Structures are given as C-alpha cells and as structure tokens.
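# Coordinate inspection notes
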Amino acid sequence: MAAAASPSSGPHEQAAGAGRLPEGVRVAVVVSRYNESVTRRLLDGAVHAFAAAGLPPDRIDVAWVPGAFELTLAADRLAAGGRHAAVLCLGAIIKGETSHDRHIATAVASGIEQIGRVRGLPVLFGVLTCDTLAQAMARAAGGPADGFAGNKGVECATAAIEMIMLLRCLPPVVESP
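First, a word on what this report is: a plain description of the structure on this page.

What counts and how
- Residues numbered from 1 in each chain as written.
- Predicted model: local features only at pLDDT ≥ 70, side-chain atom pairs only at ≥ 80, totals over all residues.
- Heavy atoms only, no water.
- Buried < 20%, exposed > 50% of the residue type's maximum accessible area, 1.4 Å probe, protein only.
- Helix = DSSP H or I, 4+ residues; strand = E, 2+ residues; numbered from the N terminus.
- Pairing = 2+ DSSP bridges.
- Core = buried A, V, L, I, M, F, W, Y, C linked by side-chain atoms within 4.5 Å.
- Contact = heavy atoms within 4.5 Å.
- Axes fitted to C-alpha atoms, helices over the stretch in contact; angles between N-to-C directions.
- Expected span 1.5 Å × (residues − 1).
- Arc of directions from axis to C-beta.

## Points about the pairing of strand β3 (residues 86-94)
For β3, the buried fraction is high: eight of the nine residues fall into the buried class. In the sheet, strand β1 (residues 27-32) pairs with β3 via five bridges, with the strands oriented parallel. The residue of β3 that forms the bridge with A28 is V87. Where β3 lies against strand β4 (residues 123-130), eight bridges are found, and the strand directions are parallel. Within the sheet, the bridge partner assigned to A92 lies in β4 and is L128.

## Examining unusual backbone geometry
Despite not being glycine, N35 has its phi angle at roughly 60°, a positive value. If you trace the backbone, N35 turns up in the loop between β1 and α1 (36-52). Unlike most non-glycine residues, F148 shows phi in positive territory, near 60°. On the secondary structure map, F148 appears in the loop between α4 (133-139) and α5 (152-169).

## Examining the nonpolar core
By size, the foremost hydrophobic cluster in this structure holds 30 residues, and its most contacted members are L21, V27, V29, F50, L88 and L90. If you list the elements that add at least two residues to this core, you get β1, α1, β3, β4 and α5. Apart from residues no more than four positions distant in its own chain, L88 is found in contact with A28, V29, V30, A46, F50, L124, C156, A157 and A160. With 19 residues, the next largest nonpolar core counts A79, V87, I93 and V108 among its residues.

## Comments concerning the sheet that holds β4
As summarised here, the arrangement of the four strands in space is β2-β1-β3-β4, forming an open sheet in which the pairing is parallel. At either margin of the open sheet sits one strand with a lone partner, and together these are β2 (60-65) and β4. Strand-to-strand twist across the sheet, computed as the mean angle between neighbouring axes with direction ignored, equals 15°. Strands β1, β2, β3 and β4 of the sheet are contacted by α1, whose axis makes an angle of about 150° with β3.

## Remarks on the environment of D58
Within the secondary structure layout, D58 lies in the loop between α1 and β2. Each C-alpha atom of the pair D58 and V27 lies 9.8 Å from the other, and the pair is 31 residues apart in sequence.

## Quick look at helix α3 (residues 100-119)
Along its 20 residues, α3 runs 28 Å from first to last C-alpha, staying within 8% of the 28 Å computed at 1.5 Å per residue. Along α3, the residues that are buried comprise D101, I104, A105, V108, G111, I112, I115 and G116. End-on, the buried residues of α3 take up no more than an arc of 140°, which puts them together on one face. Of the exposed residues in α3, the ones pointing more than 90 degrees away from its buried face are H103, T106, R117 and V118. Those residues of α3 that are buried are in contact with α2 (71-80), β3 and β4. Looking one or two residues past α3, G120 carries a phi angle of roughly 75°, positive in sign.

Quick look at the structure:
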C-alpha cells in the first residue's frame with residue numbers, strides 16, 4: 001500500500017501525484033450541451049490531461065446531456081456501471097436575470113458529491129458557476145499549444161487522475177454486516 005510521498009507528507013500519509021494511469025483504466029466524462037462553446041473547451045482540456053497521463057482516447061467515454069441539471073443522472077448511471085475509475089461532470093452555469101442559476105448550481109453540486117460518496121469512486125465537479133460568459137470562457141482557456149493553460153477541464157481531469165491513484169493505494173471498503 002505504498003504511495004509516492006509529497007514533500008509535505010509525513011510517514012503515515014498517503015499521497016498521490018497526477019502521473020501516468022495504469023493499463024486498463026477507463027474514465028467517463030459527462031458534458032452539458034448547454035453553453036457548449038464553453039463546455040466543449042472544458043472537454044478538450046480534460047481529454048488533453050488524460051492523454052498526457054497515458055490514457056488512450058478509446059478509454060474515455062463521453063456522454064452529452066442537455067444541461068447542467070442532467071449531469072447527475074448520467075453520472076450516477078455511469079458510476080453505478082462499475083466500468084469507470086472516475087466520472088467527470090463538466091458544465092457551465094452562467095448567471096442570468098433571475099436566481100435560477102443558484103438553484104441549478106446547488107442541486108448539481110449536491111448531486112455530484114452524493115454520487116461519489118454513495119458509489120465510492122471519484123465523481124468530479126467540473127462545473128463552472130460564473131456571472132458572465134466572458135468569465136466562463138476565461139476558465140475554459142488554452143489549447144494544445146499551451147497545454148490548455150488555465151482550463152478548468154484540465155484541473156478536473158488532473159484531480160480525477162490523482163484520486164484514481166490515491167484510491168488504488170488505500171485499503172478497500174469493508175462492508176458492515
């Protein structure tokens with residue numbers, strides 16, 4: 001159960017880096033079609049990060065859903081299937097004239113957290129919650145030339161890679177009788 005230690009970890013701490021993923025790992029990415037000019041860029045960043053970690057494109061399953069609210073249902077179905085080491089949820093919720101965005105963001109955040117806890121695998125929140133489209137585009141920045149610098153899809157995929165590696169080092173869950 002050894003793991004690479006980070007500079008700040010003590011002798012009993014587990015640490016995982018965002019290195020190369022082991023053979024056979026498969027991940028799922030659920031992407032909101034709403035605000036696709038933003039979410040497509042988040043997806044591109046996430047795929048780039050997975051490729052950098054050695055994950056071939058055919059090991060990344062992408063599911064498009066109509067909007068951010070639908071992310072949780074698809075993520076739960078994918079997490080329950082047992083085929084994926086992690087599920088990323090990518091979306092962009094942009095404030096409008098009413099408080100609708102806050103209700104959607106709260107429901108999606110709660111749902112994603114609950115899925116990960118109940119299913120026992122990393123389900124990551126890569127949902128932007130911005131006041132303007134310009135703010136969202138800035139958080140979905142970059143491209144292949146700069147390694148998608150500043151892209152939150154990259155950050156989400158990197159967190160998934162770290163969690164996949166960490167969970168491989170931790171003891172398995174023991175079910176209560």
